[in-house]
Amino acid sequence: HLELRVQASGVGVRDLGSRNGTFHQGSRINDAVVPFGTVLQLGQTRLRLEVAETPRVPPSRRERFGELVGESVAMREGFALLSLAAPSDCTVVIEGESGTGKELAARALHEHSLRGEAPWVVVDCSAIAESLIDSQLFGHVKGAFTGAVSERSGAFVQAHRGTLFLDEIGELPLPHQAKLLRALEDGTGQAVGSDRRRSVDVRVVAATHRDLRAMVDRGEFRFDLYHRLAVVHVRMPALRERTEDLSPLIRHFYSAKGAQPGAQTGKTYERMAA
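What comes next is a walk through the structure. (Residues numbered from 1 in each chain as written. Predicted model: local features only at pLDDT ≥ 70, side-chain atom pairs only at ≥ 80, totals over all residues. Heavy atoms only, no water.)

## Details of the overall build of the chain
Spelled out, the test is: Going along the chain from the N terminus, every DSSP run of H or I of four or more residues is numbered as a helix, and every run of E of two or more is numbered as a strand. Under the scheme applied here, a residue whose accessible area is under 20% of the maximum for its type counts as buried, over 50% as exposed, and between as partly exposed, the area being computed with a 1.4 Å probe on protein chains only. Pairs of residues are marked as contacts when any of their non-hydrogen atoms sit within 4.5 Å. Accessible surface is estimated by sampling points in the Shrake-Rupley manner with a 1.4 Å probe; for residues, cover comes only from the protein chains shown. As used throughout, the charge tally considers Lys and Arg to be positive and Asp and Glu to be negative, leaving His and the chain termini uncounted. By convention, charge coordinates are those of NZ in Lys, CZ in Arg, CG in Asp, or CD in Glu.
Counting its regular elements, the chain contains nine helices and 18 strands. Across its three principal axes, the chain shows a C-alpha extent of roughly 75 × 50 × 35 Å. Expressed as a percentage of the 274 residues in the chain, the buried residues total 43%. For the chain, the proportion of contacts with a sequence separation of at least 24, taken over those separated by at least 6, is 57%. Of the roughly 15000 Å² that the chain leaves accessible, carbon and sulfur atoms contribute 48%. Taken together, the 35 basic and 34 acidic charged side chains of the chain have centroids lying 2 Å from each other.

Given below as structure tokens:
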């Protein structure tokens, strides 16, 4: 039916004169290179092209990255990934339970990047009414809807030349995922009520407590958006998975309070750790 060739830039797809054809996003292709994560339609069959293994990097020697602290292998592996990703403009997905430091990791990425002096903008996708998501992300013009009494720039414009942190990206409804995907692909955004698109230069870092891959499999999250976002994927481990980090964390909390270990101000943290 078709021939597949793994290349550095993706997967080369060549249709071999098949009767049913090879389709990508509704268009028939004969010879093209598509990114990993692409779903091809072959007659009644859907074929997803995935990377077989996630590459691993050696643990970093550093024991902190930004405000993140940890001596465990799991944390130092995360530090290594974050350190490698920071200087680039690649999109990053950070997954982990609530309280594992996802926003701290995202902020550290921004501070260690070439955009560190530019805007840092945070959007919590779980805290926005669905009817206001487009306005929050892309802005609106005056009179675009009831209550739009003045023009408003959205998060993409506010983060121009900087970093946009999309927290709880797994809560973003499917219709809005398509608009986000287009903004990431062509570097433009269209304000609600406007008839033109505006160019923006933004690095996007997303975080979620959900399993986005499982959401993709269930059809709850767009596969193309997932693979556009997760160029680098970082998992933040829960503290119960890295109990060897308790001591350095307690020392860090003492230090942040300007106290020495064992001082009265630290007993709260000792109880928390216990």
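## Observations concerning empty space enclosed by the protein
Put simply, the rule reads: A 1.4 Å probe that fits into a set of points on a 1 Å grid over the protein atoms alone but cannot get out defines a cavity; an open set with protein on both sides within 12 Å along at least five of seven lines defines a pocket, and lining residues are those with an atom within 4 Å of a point. Grid points are joined across faces, edges and corners, and a volume is the space filled by probe spheres set on the points. Side-chain classes follow a simple rule in which Ala, Val, Leu, Ile, Met, Phe, Trp, Tyr, Cys and Pro form the nonpolar group, Asp, Glu, Lys and Arg form the charged group, and the remainder, Gly included, forms the polar group.
Scanning all chains against the criterion turns up one cavity of 30 Å³ or more. In this structure, the largest cavity occupies an estimated 30 Å³ of space. Forming the boundary of the largest cavity are Leu 68, Ala 74, Met 75, Gly 78, Phe 79, Leu 82, Arg 235, Met 236 and Pro 237. A total of five residues in the lining of the largest cavity trace back to one element, the largest contributor, which is helix α1 (residues 73-85). Of the residues that constitute the lining of the largest cavity, the class distribution is seven nonpolar, one polar and one charged.

## Some details on the pattern of salt bridges
Applied cut-off: What makes a salt bridge here is a side-chain nitrogen of Lys or Arg within 4 Å of a carboxyl oxygen of Asp or Glu, nothing more.
What the rule picks out here adds up to 17 salt bridges. Between Asp 217 and Arg 48 there is a salt bridge whose closest N-O contact spans 3.0 Å. Within this pair, whereas Asp 217 is found in helix α6 (residues 212-217), its partner Arg 48 is found in strand β7 (residues 45-48), the two being separated by 169 residues in sequence. Taking the relative accessible area as the measure of exposure, Arg 48 reaches 28% and is therefore partly exposed. Connected through salt bridges with shared partners, the residues Glu 3, Arg 5, Arg 14 and Asp 31 form a single ionic network.

## Things to note about the pairing of strand β17 (residues 203-208)
In summary, the side chains of a regular strand alternate between the two faces of the sheet. The test is simple: Paired strands, in this sense, are two strands between which DSSP finds at least two bridges.
Counting buried residues in β17 gives six out of six residues, a clear majority hidden from the surface. A two-sided burial pattern is seen for β17, the buried positions comprising Arg 203, Val 205 and Ala 207 on one face and Val 204, Ala 206 and Thr 208 on the other. Here strand β14 (residues 163-167) runs beside β17; their pairing, made up of four bridges, is parallel. Bridge pairing links Leu 166 to Ala 206 in β17.

## Some remarks on the side chain of Thr 163
Within the secondary structure, Thr 163 sits in strand β14. The contact partners of Thr 163, leaving out residues within four places of it in the chain, are His 110, Arg 115, Pro 119, Trp 120, Val 121, Arg 203 and Val 205.

## Some remarks on the state of the cysteines
Stated precisely, the cut-off is as follows: Cysteine sulfur atoms are paired as a disulfide whenever they come within 2.5 Å of each other.
Applying the stated rule across the entire model yields zero disulfides. You can see Cys 90 has no disulfide; the closest cysteine sulfur is in Cys 125, sitting 19 Å from it. Taking the relative accessible area as the measure of exposure, Cys 90 reaches 18% and is therefore buried.

Any functional reading would require information that these geometric values do not contain.
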